[in-house]
Amino acid sequence: MNMPSLQTIEHFLQDEADLLDCADLENWINLFTEDGTYWMPATPDQDDPLNHISHIYDDRVMMEIRKRNFVHPRAASKEPTIRCSHLLGNIRLHGVSSDGLLRVESKFHVVVWYRESQRIYAGRCEHLLRQEEDQLKIYRKRVDLLNADGPQQSLILYL
Amino acid sequence: MTIDVQELDQLVQPTRLHKRLYTDPAIFELEMERIWGQAWIFIGHESQVPNTGDYFSTHINHKIPVLMVRDKAARVHVLHNRCPHKGARIVENRSGNVRGAFRCPYHGWTFQFDGSLVKIPNEKGYDGTGFEINSACNNLAPVAQYDSYRGFVFATLSAEAPPLKEWLGGAIACFDNLCDRSPEGEVEVAGGVLRYEHDCNWKFILENLNDTMHPMVVHQSVVQSAQSYIESLPADATRERSEAEIILPFGSSYEKFEDSGITGFRYGHHYDGGKSSIHADYAVMPAYHAAMVQAYGEERTRDIYSFNTHNTLYYPSLTIKTAVQNIRVVRPIAVDRFIVETWSFRLKGAPDEMLQRTLLYSRLINSAMGMVGPDDLAVYRRAQEGLASTGHDWVEFHRGFGKDVTLADRVTAGGTSDLDMRTQYKAWKEYMTGEAFR
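Bear in mind the structure is a predicted one, so any value in this text is a computation, not a measurement. (Residues numbered from 1 in each chain as written. Chains lettered and ligands numbered in written order. Predicted model: local features only at pLDDT ≥ 70, side-chain atom pairs only at ≥ 80, totals over all residues.)

## Side note on the overall build of chain A
To keep things clear, this is the line we draw: A helix here means a DSSP run of H or I that spans at least four residues, while a strand means a run of E at least two residues long, and both kinds are numbered starting from the N terminus. Radius of gyration here is computed from C-alpha atoms only, and the compact-globule reference equals 2.2 Å multiplied by the residue count raised to the power 0.38. Between the buried cut of 20 or more and the exposed cut of 12 or fewer other C-beta atoms within 10 Å of a residue's own C-beta lies the partly exposed class, and all C-beta atoms are placed from the backbone. Residues are scored as being in contact if the C-beta atoms we place from backbone atoms lie within 7 Å.
Helix and strand content of chain A: three helices and six strands. A compact globule built from 159 residues would reach a C-alpha radius of gyration of about 15 Å, and chain A, at 16 Å, matches this within 12%. Dimensions along the principal axes, computed over C-alpha positions, put chain A at roughly 45 × 30 × 30 Å. Expressed as a percentage of its 159 residues, the buried residues of chain A come to 32%. A sequence separation of at least 24 residues applies to 54% of the contacts in chain A between residues at least 6 apart.

## Details of the sheet that holds strand S3 (residues 41–45) of chain B
Residue and element names in this part refer to chain B. Worth spelling out the cut-off: Strand pairing requires that DSSP identify at least two bridges connecting the strands. Inter-axis angles, ranging from 0 to 180 degrees, are taken between N-to-C directions of lines fitted to C-alpha atoms, where helices are fitted over the stretch in contact.
Strand order in this open sheet of three strands is S3-S12-S11, and the pairing throughout is antiparallel. Unpaired on one side and paired on the other, S3 and strand S11 (145–149) mark the two borders of the sheet. If you compare each strand with its neighbour and ignore which way they point, the axes differ by 30° on average. Two elements, S3 and strand S12 (residues 152–156), share four bridges in a ladder whose sense is antiparallel. Of the residues in S12, the one forming a bridge with isoleucine 41 is alanine 155.

## Re the nonpolar core
In plain terms, the rule: By convention in this section, buried Ala, Val, Leu, Ile, Met, Phe, Trp, Tyr and Cys residues joined through C-beta atoms within 7 Å make up a nonpolar core.
In terms of nonpolar packing, the biggest core is built from 124 residues, with Ile41(B), Ile43(B), Met68(B), Val78(B), Phe154(B) and Ala155(B) touching the most fellow members. The element best represented in this core is helix H13 (residues 352–366) of chain B, accounting for seven residues. Beyond its immediate sequence surroundings of up to four residues, Val78(B) is in contact with Ile43(B), Val66(B), Met68(B), Pro142(B), Val143(B), Tyr146(B), Val153(B) and Ala155(B). Within the second largest apolar cluster, eleven residues are counted, among which are Val104(A), Leu128(A), Leu136(A) and Ile138(A).

## Some details on the pairing of strand S18 (residues 326–334) of chain B
Residue and element names in this part refer to chain B. Within S18, seven of the nine residues are buried, which leaves it mostly tucked inside the rest of the structure. Note: strand S17 (residues 318–321) against S18, four bridges, orientation antiparallel. From the neighbouring strand, leucine 318 faces S18, where its bridge partner is valine 329. Hairpin connection between S17 and S18: a loop of four residues separates the two successive antiparallel strands, and glutamine 325 in this loop has a positive phi of roughly 70°.

## Description of the interface of chain A and chain B
Interface size is commonly expressed as the accessible surface area that is lost when the partners come together. Keep this limit in mind: Here the term charged refers only to Asp, Glu, Lys and Arg, the term nonpolar to Ala, Val, Leu, Ile, Met, Phe, Trp, Tyr, Cys and Pro, and the term polar to all other amino acids, Gly among them.
Tallying the contact residues gives 28 residues for chain A and 33 residues for chain B. For the side of chain A that touches chain B, the secondary structure elements donating two or more residues are strand S2 (54–59) and helix H3 (60–70) of chain A. Residue contributions to the side of chain A that touches chain B peak at six residues, all from H3(A). Each residue belonging to the side of chain A that touches chain B can be placed in one class, and the counts come to 13 nonpolar, eleven polar and four charged.

## Looking at the sheet that holds strand S16 (residues 308–314) of chain B
All names here are of chain B. Strand order in the open sheet formed by nine strands is S13-S19-S18-S17-S16-S15-S14-S22-S21, with antiparallel pairing between adjacent strands. At either end of the open sheet lies a strand with only one pairing partner, and these are strand S13 (187–198) and strand S21 (405–406). Note that strand S14 (residues 262–264) and strand S15 (residues 270–274) share three bridges and pair antiparallel. In the strand pairing of S15, glycine 264 is matched with histidine 270.

The following block contains the structure:
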């Protein structure tokens, strides 16, 4: 994999965030490699998604199920309007590993509107990206919430 | 403000409850004093404090801070987290290790891990003041009673509460089954905790645990989403995944839930399932089965597997899933607010895959970002807000009324019965009117 420019990566992350803000899960899931995962750990510095609890650790199969659930007419938690708005920054490229994965770190603020109230999530994001033919794909997206180990309210979106 | 016994008696009737139970802050305060202030409350598991000086801090009701700590003789104590001097909480963090002795951060009084006072700085200033330095009232106060069963530590603020084992009654079988599912007969906390804020009254989750008329309605969306995904797969694709085993049974039929039965005990404890539950058809992992058979033999192993419960409630603070090996702990905050903690357990001597399945369950079902818990909370919230209505003053629970089968130490019914409601509100009334330990 050739090292893409910072601007290419910035546009990629912004496009990804925009798909989440537009609730376009179909196209968002397609950004992931077939073996891609989305991980939101439940403690800071967590190094294991399997032997430690996480808020979310989804592969493509679970993403497909969430996508269907998100628009199911009988999901009580999804009946109120839910929207989010991502703001990304501090994007840093950390180089390509020997197995061809580009590691990108960024910071995020996401404002979520749900059940007549607004709340804010903040934290650090790590993308491991792989070049597949002429496209960048997400092999792993890791979202470390600032309050990962704090009490959480229902969150029925990917951040 | 107090509420007299006749009034409390009117609020809880055999087949209906007054909405004030969920909305009235004065009732909540009384519950904290009389239910949470008398019942044995789950504090934590001994495996959370494996070494001398390890502590875990929590609240025994909505306010009273307590800590669980292991002393130099390896005994576990539950102490009030409050310096006897000026009142400062002795430990600040939720868990950690203290070397040597507790030291109050305010004036430096130090205490052994059993709570006894070690030293007061510059103590000669107390000479001749009537201050009794050797009096137990200068120790970190122990909670009135504390004890553990198979590592599960409970404490009660009541000196009158019966011994823990007696209070657990026949429901103790579920602790035994959870621990016996370990080839070594022991479990330990593993893989961290999830804390989930619920903006509704604490009783909603207890009422929901064994309300088997709700899963096929509330969880229809996730079950159908999983089914529709599975149906979209090509014919030769793998369909066997732990996620499917976990999610799909939430859509089980009314008949299946009815068949699995429900059993209630004194003090509000109850479980549904027994001979079967929505967890009964999980694949038995070969390496785990081999370890079990080696430890217990084939017949006893089958016996252990065959007692398969769904949720067991130890009223009011703890609910356990024996077949999944996780627990949820209720920590009330206000009339319309509480936190649920989900802890997962490792079966000692079992392969890592068992813990991984437990954590998968906790993540899919009990996470605030899951596809099951948020739908449960959404309906509790609607009830919390709907109960402000003046259209009706009562919630009802007639199902199976008059049909419960009363045995020596327990009451049983078909699984879709409201026996769980009758069991817990009988205890509610006994605690609230001062009859529980008479």
